Amino acid sequence: MLLLLLGLVPFTAASQEKTNTDQGAAPSAAPAKPLSPKEAAARELALEQQDLQRAIDLAGNDRAAMVRNLQEFLKKYPESSQRPQIYRALVESSLQLRDFATATDYAERMVALNPDDLSINLLSVQLLERYGDAAGWRRATSYCTRMLEIIRREPVSGKSPRQSNEQFEKDKQRDVAAVLLVRGRLYEKLNDPQNAQKDYEGSYKMSANSAAAERLGELAEKRKDLTTAVHEYALAFATADGTQGSASRPEVRKKLGNVWRLAHGSDDGLGDYILHVYDEAAAATATPKPARNKGLKEPSDFVLRKVADGSAFSMAETKGKVVVMNFWATWCGPCREWEPHFEKIATRFLGREKDVAFFEVNCDEDETLVAPYLAEEKPRTAVLFADGLDGLLQVNSFPTTVILDRTGKIAYRAEGFDPDGRDQTLVDAIEKAINVKQP
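The structure displayed is predicted, hence computed values, not measured ones. (Residues numbered from 1 in each chain as written. Predicted model: local features only at pLDDT ≥ 70, side-chain atom pairs only at ≥ 80, totals over all residues. Heavy atoms only, no water.)

Asker: I would appreciate a short explanation of the packing of helix α9 (residues 165-189) against helix α10 (residues 193-206) in the present structure.
Answerer: Geometry of a packed helix pair, given as the angle between the helix axes and the separation of the axes. In the contact formed by α9 and α10, the axes pass within 8 Å of each other and the chain directions differ by 160°. The angle between α9 and α10 falls in the class roughly antiparallel. Relative to α10, the crossing made by α9 is left-handed. On α10, the residues touching Gln173, Val176, Ala177, Leu180, Leu181, Arg183, Gly184, Arg185, Tyr187 and Glu188 of α9 are Asn195, Ala196, Asp199, Tyr200, Gly202, Ser203 and Met206. (Axes fitted to C-alpha atoms, helices over the stretch in contact; angles between N-to-C directions. Helix = DSSP H or I, 4+ residues; strand = E, 2+ residues; numbered from the N terminus. Parallel < 35°, antiparallel > 145°, perpendicular 65-115°, else oblique. Left-handed = near helix turned anticlockwise from the far one by under 90°. Contact = heavy atoms within 4.5 Å.)

Spelled out as structure tokens, the structure:
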């Protein structure tokens, strides 16, 4: 029975009849009924499945045997419905055997079967870029073009429910930028610098990335355009973030230093230039924040948002009170040190809420960083987004502590964190503002 299940002994009506005859049994009284087309197809499918399972079982953990057995199976069943899975298994096994030619061949066969599958196109492009020849690189550029079409036509209705529309569009932009970067590299391999530059520029424009800027710097250096090379390398240096696919900041620094010296004769001025380009890149990539409280001239006119739930808080509610505000940002180390001191001072005025109000005022450009920070720090003081109040009060460094008197005028202002004696200084300033008699 085991041999029959493995398919090593053919088991047909004819063989059964012969066996019976050899044993002296009476032959079958009537011939077998012909199979219908549907039954014949089902039988063929069952035999195919048995052969495929046998090919897999006989290979065991031997990757080379797996490749041989699956290739033999495909010769027998060239139109098998299992081809997508078999091709993928051949790609994976061939990669483990470092047979990159075979892996690439079956990856492209996968593309032919599923031309609109983004992951399969990407796999083929990666293999062709690394292991292909000029003809393969040209095919890979066409796959990239198809990938761009697939990404761009993906509807927002296909996004995850947990993903906002804004994040969905950002992810699409990053995907387009990544594909353009790959196609640019392929054009370079094909000695087509014009199309390569066009794709690198499109990649950086779509989603500012250090890899595209570095490539643009290299192209500019090759054509002896040192001014452009310096600028592009500086952008690559400024935007490198250490993630996979990002340019290597040490390597970019070497290239930048070299072209700067070629252009200027020494490293003088390079540091200032890098800072300037960094500010330029940061401004270009920052997500525009909606202008809130634009044109208002008095703090009491501002309506800020509570960080906890995004609800509105009108500063008009603080009229007649002394208002103590700590302006901070998540990336600011001294802010983290000052915060517990500010909290401790606020607790000293519990029970005097009719006279004084304390607020932590966040000034982060990327507001998504705030909630995780607060979950860690857990301040007890009310936390508000600055929403332009930092601009009105000209807060340019962090932390900055401001006291507004009962009329809304600045009664005290201190910048930075001084661990020696500042606590009592602030307490004294608050008491003074509370006790000032108003006209």
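Asker: Would you mind going over the packing of aromatic side chains with me for this structure?
Answerer: Given two aromatic rings, their pairing is described by the distance between the two centres and the angle made by the two planes. This structure, assessed with the given rule, holds 11 aromatic pairs. When the ring of Phe313 is compared with that of Phe359, the centres are 5.3 Å apart and the planes differ by 55°; the resulting orientation is tilted. Residue Phe313 is located in strand β2 (residues 312-314), and its partner Phe359 is located in strand β4 (residues 356-362); the two are separated by 46 residues in the primary sequence. Like Phe359, Phe313 is buried. Geometrically, the ring pair formed by Trp338 and Phe417 is tilted, given 6.0 Å between the ring centres and 45° between the ring planes. Placement of Trp338 in helix α15 (residues 333-347) and of Phe417 in the loop between β7 (410-415) and α18 (422-435) is noted, with a sequence separation of 79 residues between them. With respect to class, Trp338 is no different from Phe417; both count as buried. One Lys or Arg, Arg249, reaches over the ring of Phe237 and ends 5.1 Å from the middle of that ring. (Phe/Tyr/Trp six-rings, centres within 6.5 Å; stacked < 30°, edge-to-face > 60°. Buried < 20%, exposed > 50% of the residue type's maximum accessible area, 1.4 Å probe, protein only. Lys NZ or Arg CZ within 6 Å of the ring centre and 35° of its normal.)

Asker: Explain helix α14 (residues 270-285) to me, please; I cannot follow it from the model alone.
Answerer: Since there are 3.6 residues in each turn of an α-helix, residues three or four apart along the chain are aligned in direction. In this model, α14 (16 residues) spans 22 Å end to end at C-alpha, consistent with the 22 Å of a helix rising 1.5 Å per residue. Residues of α14 that are buried include every one of Leu270, Ile274, Val277 and Ala281, and no others. Buried residues of α14, seen end-on, are gathered within an arc of 70° and therefore sit on one face of the element. Looking at α14, the residues exposed on the side facing more than 90 degrees away from the buried face are Asp272, Leu275, Asp279 and Ala283. On its buried side, α14 packs onto α10, α12 (226-239) and α13 (249-264). (Expected span 1.5 Å × (residues − 1). Arc of directions from axis to C-beta.)

Remember that the coordinates give geometry; whether it matters functionally is a separate question.
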